[in-house]
Amino acid sequence: MERQEQLSEIENIEKVSVKNLPLNTVALKKSDYETLSTAAKGYVTAKKAESENTTLKSDVRSLLTENEALKKEYDTISGQLHALDYSYGQYYAETADERELLAENQKLKSENNNISNQIHTLSAEILTLKSENSNLKTEVEEVNSIVGEMNLKIQQLNTELTEKNTLLQTLQKKFDRVMEFLKLKNLKEEWERFIKPITQHKLR
């Protein structure tokens with residue numbers, strides 16, 4: 001925009017033409033006019049350049065100021081990052097034991113789960129064994145009942161056998177006394193002849 005304005009002003013200078021002047025007007029030589037025109041163009045160009053230079057200097061100062069602000073902000077952020085890195089290093093060092101505890105806790109949880117599974121398995125086996133034990137108890141009770149009945153029968157048989165033995169002994173004693181009597185009376189041979197047919201008859 002400024003470049004266009006500069007060109008426009010220079011064109012206005014170039015449009016100046018030679019005219020007939022009144023008598024009371026001071027006239028310039030052509031060479032002086034050209035020198036003046038050239039000077040005017042140079043002045044306009046210099047003024048525009050000076051204005052542009054001032055604007056550029058202002059922009060440069062603004063950029064320098066902004067650059068300094070950015071540098072300070074960068075230094076601040078770098079300091080904060082350094083502080084954060086240092087703080088993280090301290091935190092990492094301070095929490096080393098806690099991380100070890102967490103890892104140990106995870107390990108203990110895993111072992112606890114394994115133990116729980118083993119307990120569950122053992123509990124199921126215990127229930128199975130209890131059921132089998134209950135069945136065995138029932139069978140043992142049945143066997144004990146049968147053994148009890150058999151023992152009772154054996155006792156009854158022993159009682160009967162004892163009674164029979166007692167009776168047999170009594171009869172044996174009586175028989176022995178009869179034989180003794182027969183012997184004393186010399187009747188033993190007659191007794192043997194008497195009892196022989198009976199014995200033979202029984203054997204037949």
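Residues numbered from 1 in each chain as written. Predicted model: local features only at pLDDT ≥ 70, side-chain atom pairs only at ≥ 80, totals over all residues. Heavy atoms only, no water.

1. Description of the overall build of the protein chain
Secondary structure assignment for the protein chain yields four helices and zero strands. In the protein chain, the order of α-helices and β-strands from amino to carboxyl end is α-α-α-α. Counting across all 204 residues of the protein chain, residues that qualify as buried make up 4%. Approximately 18800 Å² of the protein chain is accessible, and the part contributed by carbon and sulfur atoms is 58%. (Helix = DSSP H or I, 4+ residues; strand = E, 2+ residues; numbered from the N terminus. Buried < 20%, exposed > 50% of the residue type's maximum accessible area, 1.4 Å probe, protein only. Areas by Shrake-Rupley, 256 points an atom, 1.4 Å probe, with all protein chains shown as cover.)

2. Topic: the confidence of the model for the protein chain
In the predicted model, the protein chain carries a mean pLDDT of 77, and 76% of its residues have values of at least 70. For the protein chain, the element scoring lowest by mean pLDDT is helix α1 (residues 2-14), at 55; helix α3 (residues 96-184) scores highest, at 87. (pLDDT = per-residue confidence, 0-100.)

3. As for a nonpolar patch on the surface
On the surface, a nonpolar cluster with roughly 300 Å² of combined accessible area is contributed by Ile77, Leu81 and Leu84. Along the chain, Leu81 falls in helix α2 (residues 30-94). (Patch = residues over 30% accessible without salt bridge, like charges linked within 9 Å, V, L, I, M, F, W, Y side chains within 5 Å. Salt bridge = Lys/Arg side-chain N within 4 Å of Asp/Glu carboxyl O.)

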